[in-house]
Amino acid sequence: MIENIYRHKNGLKHINIIDSDGFSALFVVNTPVFDNSGVAHAVEHMVFRRSEAFPEVETLFQITSLTEAKINASTFANTTYFHCQSHCPETFLLAINYLLNGLFKPTFDGEDLRNEVHNGNDSGVIFRELLGIEQANTKNEKSHKEGNKQNDFCYGGMSATIGTLTLSDLTNFHKQYYQANNITLVTANADVERIANLISFIPQQSAQYKQERILLNDANTSSQAFEDKEKHQKKYSSSIKKLIETYQLWLQDPYYQEIDDYQEIDDNQEIDDNQEIEESTEINNLIPPLVNLSNLFTARATVNKLVNNKIKNLVKKAPLPGLFTNLYQQAKSELITSEAKGLLCFSAVHDQSNAVWLTKINNADKALANITSYIISGYPAFLARRCQGHCYATQALTIDDSNDSTHLVIFSAFDINPTKHLQEIPQCLLSLSQDYRFIRNSLPLAKNKYSHTHFLADNQLENITDTDISNYLKTIASGSHPKV
């Protein structure tokens, strides 16, 4: 493994390794926590919400739903990790650009604070998350007694107090700690010059904060800083784990800590991240960068060639979260009963705060159903409940069971009103079925993702059209599709 260390003009340290595992990146931000306010956790979420370059709140979900790029973050007691990975250079650079703009040029406003943190009543993404965690811990007496479990959401905030955070709290925390000299970027197989050009659009930090950041970097080099992170290792892919390990070794090695003459990277080539879009995006529900990418994938006949097996670890399908295991089994059982009685071919179940909507997939429709699930998950109307803070997460995905049955599942986690969510799903699917522009722009992206996830050649998906997606959505929404 080859390792190079650079410093970008704005002071950002950058370690790039060369291996054979595709493209990945890790931004490490030193974010010390001094109380239980959850401010570091709140800023992490707001970084993902909006930025000057990506003003749409659906951006994160559209990128991760319609491409195979993975983007996520974790807040710990003194550090916040932001990470992304992809096998495709275009989607990787889009993810990097999205994170850079969120980290350095986010847009914080009162509406986003209410929707993403807490609105003072029962809504707010972080509030719903913390409430769900606390309720789960209360039910599990063993975990409730473990001190470390309590710490899991002390630095993340507590549901009873997270609503006291103000816009000033978030902006001041961001201004103090989200400075380039307080952030280290670790990448694998990245085009360093290309990233430097993206960074060149980020404002330089002030000299005042530069000195403070150096002191914080020195303060966070002890092994104590990694104790909490080790408990969360299972949530990271092998590629991201490698970047974390590289960063930790770098911190612990006096040789690298004493290097002052990192190779400085200049922005020496022009970039074009605003490719012309054939149609106006004024009323387009798909963010412009993805419209550009869709046009690129459509024009490039070789984009969906058979995927190299070396990158399988990057594109494997995400499983249904364990939170929904019991509801999923209940939904399958009710679906079997419903089908036996000749009733609707979908089932909808929920508990106090979680919901599962499920329909069975014919073997012949597996590719169509998978591609449709990606498009559903990126649709703004489908994402509205999450973006408005009514739930912690919502997604559509397909599940292959061990008994060779396949289901399309839509779930909502820590939902303020799971019954209402389930009632809205059929109408949302019907609305999407009529949004031909969104389907048309999304389909090349969804096909590209499916081909790489399932290691298919491009010509195996040529027969799936936007009309097929529209008709399939109408069919599953009505529950009238033929039995398997």
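Bear in mind the structure is a predicted one, so any value in this text is a computation, not a measurement. (Residues numbered from 1 in each chain as written. Predicted model: local features only at pLDDT ≥ 70, side-chain atom pairs only at ≥ 80, totals over all residues. Heavy atoms only, no water.)

Draft legend 1. Just the overall build of the chain, in detail. Along the backbone of the chain there are 21 helices and 11 strands. Counting over 484 residues, the chain shows a buried share of 56%. Relative to all contacts within the chain whose residues are 6 or more apart in sequence, the contacts with residues 24 or more apart total 78%. Accessible surface for the chain amounts to roughly 21100 Å². Of this, 48% is attributable to carbon and sulfur atoms. (Helix = DSSP H or I, 4+ residues; strand = E, 2+ residues; numbered from the N terminus. Buried < 20%, exposed > 50% of the residue type's maximum accessible area, 1.4 Å probe, protein only. Contact = heavy atoms within 4.5 Å. Areas by Shrake-Rupley, 256 points an atom, 1.4 Å probe, with all protein chains shown as cover.)

Draft legend 2. Layout of the packing of helix α3 (residues 89–104) against helix α9 (residues 192–199). In contact at an axis separation of 10 Å, α3 and α9 are set at 35° when each is read in the N-to-C sense. The two elements α3 and α9 cross, and the hand of that crossing is right-handed. Together, L93, I96, N97 and L100 of α3 and R194, I195, L198 and I199 of α9 make up the contact between the two elements. Residues belonging to the contact of α3 with α9 are distributed by class as follows: 6 nonpolar, 1 polar and 1 charged. (Axes fitted to C-alpha atoms, helices over the stretch in contact; angles between N-to-C directions. Left-handed = near helix turned anticlockwise from the far one by under 90°. Nonpolar A, V, L, I, M, F, W, Y, C, P; charged D, E, K, R; others polar.)

Draft legend 3. Representation of the environment of A477 in the model. Turning to its location among the elements, A477 is positioned in helix α21 (residues 466–478). Each C-alpha atom, one on A477 and one on I425, is 7.8 Å from the other, the two residues being 52 residues apart in sequence. Those residues in contact with A477 that sit more than four places away from it in its chain are F346, P426, L429 and L430.

Draft legend 4. Spatial organisation of the pairing of strand β11 (residues 406–413). By the criterion of burial, β11 is predominantly enclosed, with 8 of the 8 residues buried. Where burial is concerned, the two faces of β11 agree: the one with T406, L408, I410 and S412 and the one with H407, V409, F411 and A413 are both buried. Of the strand pairs in this sheet, strand β9 (residues 355–360) and β11 are connected by 6 bridges, and their pairing is antiparallel. Residue pairing in the sheet places A355 in a bridge with S412 of β11. Pairing geometry for strand β10 (residues 393–400) and β11, over 8 bridges, is antiparallel. Residue pairing across strands places L397 opposite V409, the latter belonging to β11. (Pairing = 2+ DSSP bridges.)

Draft legend 5. Structural view of the side chain of E129. Along the chain, E129 turns up in helix α5 (residues 125–139). Lacking a salt bridge, the buried E129 has R386 as its closest oppositely charged neighbour, with an N-O distance of 7.3 Å. In this view, E129 contacts H41, H45, Y392 and F414; residues no more than four positions away in its chain are not counted. (Lys, Arg positive; Asp, Glu negative; His and termini not counted. Salt bridge = Lys/Arg side-chain N within 4 Å of Asp/Glu carboxyl O.)

Draft legend 6. A look at the sheet that holds strand β8 (residues 346–350). Read across the open sheet, the 4 strands follow the order β8-β9-β11-β10; overall the sheet is antiparallel. This sheet does not close on itself; its edge strands, each paired only once, are β8 and β10. Adjacent strand axes in the sheet meet at a mean angle of 15°, parallel and antiparallel pairs treated alike. Where helix α18 (residues 380–387) meets the sheet, its contacts fall on β10 and β11, and the angle it forms with β10 comes to roughly 125°. Of the strands in this sheet, β8, β9, β10 and β11 touch helix α19 (residues 418–433), which is tilted by about 40° from β9.

Draft legend 7. Structural context of the side chain of S123. Examined against the element boundaries, S123 turns out to sit in the loop between α4 (110–116) and α5. A polar contact of 3.1 Å, which involves the side chain of S123, links it to the side chain of H390. With near-sequence residues (within four places) excluded, S123 lies in contact with R114, V117, H118, R128, Q388, G389, H390 and I416. (Polar contact = N/O pair within 3.5 Å; in protein donor to acceptor, adjacent residues only side chain to side chain.)

Draft legend 8. View of helix α2 (residues 59–66). Judged by how many residues are buried, α2 sits mostly within the fold: 7 of 8 residues are covered. For α2, the set of buried residues is T59, L60, F61, Q62, I63, S65 and L66.

Draft legend 9. Structural view of the packing of aromatic side chains. Taken as a whole and assessed by the stated rule, the structure comprises 13 aromatic pairs. Here the aromatic rings of F48 and F82 are separated by 5.6 Å at their centres, their planes lie at 70°, and the arrangement is edge-to-face. With F48 in helix α1 (residues 39–49) and F82 in strand β5 (residues 79–86), the pair connects residues that are 34 residues apart, well separated along the chain. Taken as a pair, F48 and F82 share a single burial class, namely buried. On the basis of an interplanar angle of 40° and a centroid distance of 4.6 Å, the ring pair of F324 and F411 is categorised as tilted. Of this pair, F324 sits in the loop between α15 (312–315) and α16 (325–340) while F411 is found in strand β11, placing the two residues 87 residues apart along the sequence. Looking at F324, the relative accessible area reads 1%, which means it is buried. Taken together, the ring pairs connect F48, F54, F82, Y98 and Y178 into an aromatic cluster. (Phe/Tyr/Trp six-rings, centres within 6.5 Å; stacked < 30°, edge-to-face > 60°.)

Draft legend 10. View of the pattern of salt bridges. The tally for this structure, following the rule as stated, stands at 9 salt bridges. The closest approach of N and O atoms between D112 and R49, which form a salt bridge, is 2.9 Å. Separated by 63 residues along the polypeptide, D112 in helix α4 and R49 in helix α1 bring together distant segments of the chain. Take D112 and R49: they sit in the same class, and that class is buried. The structure contains a network of salt bridges with shared partners spanning R49, R50, D112, E116 and R386.

Draft legend 11. Representation of the environment of P89 in the model. For P89, the position within the fold is in helix α3. By relative accessible area, which is 40% here, P89 ends up partly exposed. With 101 residues separating them in the primary sequence, P89 and A190 have C-alpha atoms 8.5 Å apart.

Limitation: the analysis is restricted to geometry and does not speak to function.
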